[in-house]
Amino acid sequence: MAKKQKIVITGIGPIASVGIGKDEFWKGILDKNVNIEEENCILDGEVWEKFRFHKVKNFDISRFGIDKQKLDDIRDWKEGEEIIDLNYLIAAVKLALDDSRLNYESDDNGIGLVLAHENLGLMPFGFKVSNLAYEMLIGRQKSDIPKKVFFEGLYRKFLKSGYDVQTFADLFHVARVFNVHNYSLFINNACASGLYALEAAGQILKNNQAKAVVVCASDYPDIYKYVWFKELGIYAHDGIIRPFSRDSNGLVFGDGGVGVVMETLESAQKRGADIYAEYLGAGFNLEGWKITVPQIGSNSYQEAIEQALLQSNIDKKKIDVVCPHGIGSGPIDYYEAKAITDIFGPNPKKPLISAFKPYVGHNLGGSALLETAILLLALKNNIVPATLNCKNIDPRFNVNLVKKNKNRKLKTVMKTCCAFAGFNAAAVFKKVEI
Amino acid sequence: MPEDLLANLEQDMKELIAKVSGRDVEELKPDAHFWEDLGIDSIKAIEITVAIEKKYKIRVKDEQIPEITTVAKAIEVVREALQNK
């Protein structure tokens, strides 16, 4: 019988409001270097909307040492536009690969790629469509423009942008920058994308479809997402996320992304790589009730967590830390707290529970992976960062949150996520003792 | 049959809401506001939606859930769904 492959993480490349690159990012977490700024969306000098979010500082794609010609090729395809969340993906892959010390310069590097994002390209597409429709209609009656002319005009103008909203093109762009020719995927399971992406990468490695896989997720807080979330009543008007709190009033977006390099333990040991953790396994459940509301009272999230423990072949008592989704919105926090306490008991002393969105904001499609990066650095450094803004925990939720950074010998940690559309997920990571 | 359900809708809905929320049926006046008058928060409102869908075998749309803020509104949502069945 073939020996079961162990999958490990050997590179982390985060880009977030607290810092860019693993060292600055972790220091930013420990120093609570939270950066929340106000974004104004101005149309013809008039403010459409303004909102606060966790914003990345001083990001410049040209400073990451990425092949300039390949970046220019992407810019040509995008007709001169800089697509910031695509740039986050590229930069995060670069940081993760550099951190792993894998060589990707040759075309036979054997590396695969899994990208995750929720709405890549939505904002530039939406703005272009809106601008053209405005230009074509302003000062005219609808009947002045034949429908055929209008439809053809839109098609000609937005052919490429329209295809760019489909994610294969950006998978192509990022893969090409890093000479990736092996099995690659683009994944969108809403906020849980990062955990689905890790599992997909694990399967790619176990099936020998690549010798290493870069998993990268990012998101950008654009105006369309903000308006949607505001209208759903889940965007914090004061720009502060308060997970599981009686004072919570919603989530706040966070800019950035993160790359994570995965490979087999055998491969990592052979090349003397630093190992952050072993990826033990994950569990998933698709609730399938509503897109934007969890089904209070269902057992879907509990099943995902139990499945993660089963796949990881680990007892729940061995889990040292759980990092929940923790978005700071009453019903979703309640749903999540119920699942966690059903599994681990009310107000558990172990595992410690700490939610990381107050540091980096809600990175949507990138959130689960970005917070996993914090968790992996916590595991490596034996420090559990506190949950910020959690003075007034809702007693109905029965969760204790870590209120001050804790030094604790950590062995096994879990990331959980309950996403839109009911994508519930949990993943388990274990320190590798050499 | 929807007709039978519609005939007793108001009373049945009050009983459903009372059961899920723990309030007395008598308190559930049509215009009573879930949160301000009855202390029924957004978590309970979702539980009420789950119970409504199960009892009447209808589908409440995502965007209707935040609108269910009074007893009358809850009844209106169910009536509309039953009539469109």
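Bear in mind that the values here come from a model prediction, so they are computed numbers and not experimental data.

J.: Would you mind going over the interface of chain A and chain B in detail, with residue names and values included?
T.: Taken residue by residue, the interface counts 13 residues in chain A and 12 residues in chain B. Looking at the side of chain A facing chain B, the largest losses of area belong to Trp 289, Lys 290 and Ile 296 of chain A, adding up to 49% of the total buried there. Where Glu 53 of chain B meets Lys 290 of chain A, a salt bridge forms, and the shortest distance between an N and an O atom there is 2.4 Å. Split into classes, the residues belonging to the side of chain A that touches chain B amount to eight nonpolar, three polar and two charged.

J.: Before we move on, could you go through helix 1 (residues 22–30) of chain A and cite the residues and values that matter?
T.: Residue and element names in this part refer to chain A. Within helix 1 the residues assigned to the buried category are Phe 25, Trp 26, Gly 28 and Ile 29. In an axial view of helix 1, the angular spread of the buried residues amounts to 155°, which keeps them on one side of the axis. In helix 1, those exposed residues whose orientation departs by more than 90 degrees from the buried face are Asp 23 and Lys 27. Looking at the buried positions of helix 1, the neighbouring elements they touch are strand 1 (7–16), strand 2 (19–20), helix 12 (357–360), helix 13 (367–381) and strand 12 (383–384). The first or second residue beyond helix 1 is Lys 32, which carries a positive phi of 55°.

J.: Describe the nonpolar core, with residues and values.
T.: Met 262, Ile 305 and Met 414 of chain A together with Ile 17 of chain B are the most contacted members of the largest nonpolar core, which has 135 residues in total. Among the elements that take part in this core, helix 13 of chain A stands out by supplying 10 residues, more than any other. Each residue touching Ile 305 of chain A, except ones within four places of it in the same chain, is listed here: Ala 339, Ile 340, Ile 343, Phe 344, Met 414, Thr 416 and Ala 426 of chain A.

J.: Can you explain the side chain of Ser 312 of chain A? Please cite residues and give values.
T.: Residue and element names in this part refer to chain A. Secondary-structure assignment places Ser 312 in helix 10 (residues 300–312). Taking the relative accessible area as the measure of exposure, Ser 312 reaches 7% and is therefore buried. At 3.5 Å, the side chain of Ser 312 forms a polar contact with the backbone nitrogen of Gly 281. In this view, Ser 312 contacts Leu 280, Gly 281, Ala 282 and Val 428; residues no more than four positions away in its chain are not counted.

J.: Tell me about the packing of aromatic side chains, and please be specific about residues and values.
T.: Two descriptors summarise a pair of aromatic rings, namely the distance from one centre to the other and the angle between the planes of the rings. Taken as a whole and assessed by the stated rule, the structure comprises 21 aromatic pairs over all chains. Centroid distance Tyr 196 of chain A to Phe 284 of chain A: 4.4 Å. Interplanar angle 45°. Geometry classified as tilted. In this pair, Tyr 196 of chain A is assigned in helix 7 (residues 193–206) and Phe 284 of chain A in strand 9 (residues 277–286), connecting sequence segments 88 residues apart. Put simply, the rings of Phe 51, Phe 53, Tyr 226, Trp 228, Phe 229, Tyr 235, Phe 253 and Phe 420 of chain A pair up and form one aromatic cluster. Above the face of the Tyr 56 of chain B ring, Lys 55 of chain B is positioned so that its terminal group lies 5.5 Å from the ring centre.

J.: Before we move on, could you go through a nonpolar patch on the surface and cite the residues and values that matter?
T.: Residue and element names in this part refer to chain A. A grouping of Tyr 155, Leu 159 and Tyr 163 is seen on the molecular surface, where their side chains present a nonpolar patch of about 300 Å² in accessible area. Positionally, Tyr 155 belongs in helix 5 (residues 147–165). Residue classification places Tyr 155 among the partly exposed positions, given a relative accessible area of 45%.

Conventions used here
- Residues numbered from 1 in each chain as written.
- Chains lettered and ligands numbered in written order.
- Predicted model: local features only at pLDDT ≥ 70, side-chain atom pairs only at ≥ 80, totals over all residues.
- Heavy atoms only, no water.
- Contact = heavy atoms within 4.5 Å.
- Buried area = accessible area lost by both parts, 1.4 Å probe.
- Salt bridge = Lys/Arg side-chain N within 4 Å of Asp/Glu carboxyl O.
- Nonpolar A, V, L, I, M, F, W, Y, C, P; charged D, E, K, R; others polar.
- Buried < 20%, exposed > 50% of the residue type's maximum accessible area, 1.4 Å probe, protein only.
- Helix = DSSP H or I, 4+ residues; strand = E, 2+ residues; numbered from the N terminus.
- Arc of directions from axis to C-beta.
- Core = buried A, V, L, I, M, F, W, Y, C linked by side-chain atoms within 4.5 Å.
- Polar contact = N/O pair within 3.5 Å; in protein donor to acceptor, adjacent residues only side chain to side chain.
- Phe/Tyr/Trp six-rings, centres within 6.5 Å; stacked < 30°, edge-to-face > 60°.
- Lys NZ or Arg CZ within 6 Å of the ring centre and 35° of its normal.
- Patch = residues over 30% accessible without salt bridge, like charges linked within 9 Å, V, L, I, M, F, W, Y side chains within 5 Å.
- Areas by Shrake-Rupley, 256 points an atom, 1.4 Å probe, with all protein chains shown as cover.

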